[in-house]
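Below, each chain spelled out in residue letters.
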Amino acid sequence: MRTTWLRCAATAALAAIPLVGSAQIRLAVRTEHQVYLQYETAHAFVTIYNDGENVLSICDGATGACSRLEFLIEKRGGDTVRRVQDGSPVGRLQILPGEQRELVVDLTQWYDVREMGRYLVRAALVVDGEYLLSEHSMLDVVRGLEILSVTRGVLGYAAMQRTYSLRYWRRDRHEFLFLTVDENPSELNQGVFQLGRLIRVAQPRLSVDARGNVEVYHQSSSKSFVRTTLRSDGDGVRFIDQRIELESGEPFPNVTEAPERPLRDPSLPR
């Protein structure tokens with residue numbers, strides 16, 4: 001799990017929730033994006049402001065002077081999403097009086113949000129068995145729009161095949177290209193890789209050779225093309241390199257137009 005926090009002066013509206021006595025906790029949650037592809041890593045940002053006079057201690061269990069921070073996630077229709085591992089999504093920390101923290105949590109490592117559909121996400125402080133909730137943030141999980149796919153075997157594993165699917169989705173006013181890899185017969189997802197912005201002028205290309213070398217080539221702007229290489233073997237699928245080029249294949253002169261580094265999802269048991 002990658003969990004970080006920082007002190008900040010957040011501008012988001014926070015829900016004021018009375019904790020104990022005269023203490024006040026302001027709690028808010030937002031997801032990094034509103035829409036995610038299925039199996040893509042979904043990060044949540046939790047802002048906590050301690051407006052009380054006492055230190056707010058957060059740990060694995062909610063006992064006495066120690067509170068617990070977790071999430072309540074509901075599917076459309078009201079069903080509660082199950083946790084996929086025990087422990088605290090944020091570990092142990094203390095927030096001093098007058099201090100504000102923003103915590104970043106990978107929800108997909110802690111909760112089963114694999115199924116496509118809409119989810120309502122709330123942060124919750126658990127104190128003496130009582131849930132003190134933030135306002136909810138909405139999260140949609142979609143399949144994405146497929147451009148093309150190929151299925152290939154895995155070197156050294158005669159019974160194993162992987163399907164490599166190029167999909168796109170609109171995010172932050174731009175369309176982005178993704179590579180998602182599903183394995184048979186295990187039904188494991190071996191990763192969702194964000195390959196950067198996409199403009200649908202030139203048809204993206206996808207190749208996977210017998211040795212497990214994967215290459216994706218797509219157009220990211222009117223003059224730039226992106227070449228991404230990955231490696232697929234018995235250990236999974238991993239990112240190797242990404243280059244931005246002119247249509248001729250020469251390096252693109254303006255590196256500021258390079259796409260974001262691909263993001264890979266850790267696999268969960270499917």
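Going by the structure above, here's the rest.
Peer 1: Can you lay out the environment of R205 for me, pointing to particular residues and giving the numbers?
Peer 2: Counting through the fold element by element, R205 comes out in strand β17 (residues 205–208). Spatially, the C-alpha atoms of R205 and R227 are 9.5 Å apart, while their sequence positions differ by 22 residues.

Peer 1: Mind laying out the packing of aromatic side chains, listing which residues take part and the relevant values?
Peer 2: Considering all chains together, one arrives at two aromatic pairs under this definition. Consider the rings of F71 and Y111, whose centres lie 6.0 Å apart with planes at 80°: the pair is edge-to-face. On the criterion of sequence distance, the pair formed by F71 in strand β7 (residues 66–75) and Y111 in the loop between β9 (100–106) and β10 (117–127) is long-range, its members being 40 residues apart. On the basis of relative accessible area, F71 is assigned to the buried category, the value being 2%. Accessibility expressed as a relative area gives 2% for Y111, which makes it buried. With a centroid separation of 5.6 Å and an interplanar angle of 10°, the aromatic rings of Y217 and F225 are classed as stacked. For the pair shown, Y217 and F225 are each scored as buried.

Peer 1: Break down the state of the cysteines for me, citing the residues and quoting the values.
Peer 2: The tally for this structure, following the rule as stated, stands at one disulfide. For C59, the disulfide goes to C66, at an S-S distance of 1.6 Å. The pair formed by C59 and C66 is uniform in burial state, with each residue classed as buried.

Peer 1: How would you sum up the sheet that holds strand β16 (residues 189–197)? Please name residues and give values.
Peer 2: Strand order in the open sheet formed by four strands is β13-β14-β15-β16, and the pairing between neighbours is antiparallel. Each of the sheet's edge strands pairs with one partner strand only, and the pair in question is β13 (145–154) and β16. For this sheet, the mean inter-axis angle between neighbouring strands, taken without regard to orientation, is 20°. The pairing of β13 with strand β14 (residues 157–171) spans nine bridges and is classified as antiparallel. Counterpart to E146 in the pairing with β14 is R167.

Peer 1: Any details on the sheet that holds strand β20 (residues 236–245)? Residues and values, ideally.
Peer 2: Strand order in the open sheet formed by four strands is β17-β18-β19-β20, and the pairing between neighbours is antiparallel. Taken across any chain shown, the strands that pair with only one partner, and hence form the sheet edges, are β17 and β20. For this sheet the average axis-to-axis angle between neighbouring strands, irrespective of direction, equals 15°. Relative to strand β19 (residues 225–233), strand β18 (residues 213–219) runs antiparallel, the two sharing seven bridges. Bridging from a neighbouring strand, H218 pairs with V226 of β19.

Peer 1: Can you explain the nonpolar core? Please cite residues and give values.
Peer 2: Across soluble globular proteins, nonpolar side chains have a tendency to be buried as a group. Core analysis: the largest hydrophobic core is formed by 31 residues, its most contacted members being V46, I48, I58, L69, F71 and I73. Going through the elements one at a time, β3 (24–31), β5 (43–50), β6 (56–58), β7, β8 (93–95), β9, β10 and β12 (137–142) are the ones with two or more residues in this core. No other element matches β10, which puts five residues into this core. Listed in part, the 17 residues of the second largest apolar core include Y164, V181, F193 and L230.

Peer 1: Can you explain unusual backbone geometry? Please cite residues and give values.
Peer 2: In this model, N184 is joined to P185 through a cis peptide bond whose omega is 10°. Assignment of secondary structure puts P185 in the loop between β15 (174–184) and β16. Look at Y39: it is not a glycine, yet its phi comes out positive at around 75°. Here the phi dihedral of R173 falls at roughly 70°; this positive angle occurs in a residue that is not glycine. Looking at the element boundaries, R173 is found in the loop between β14 and β15.

What counts and how
Residues numbered from 1 in each chain as written. Predicted model: local features only at pLDDT ≥ 70, side-chain atom pairs only at ≥ 80, totals over all residues. Heavy atoms only, no water. Helix = DSSP H or I, 4+ residues; strand = E, 2+ residues; numbered from the N terminus. Phe/Tyr/Trp six-rings, centres within 6.5 Å; stacked < 30°, edge-to-face > 60°. Buried < 20%, exposed > 50% of the residue type's maximum accessible area, 1.4 Å probe, protein only. Disulfide = S-S within 2.5 Å. Pairing = 2+ DSSP bridges. Axes fitted to C-alpha atoms, helices over the stretch in contact; angles between N-to-C directions. Core = buried A, V, L, I, M, F, W, Y, C linked by side-chain atoms within 4.5 Å.

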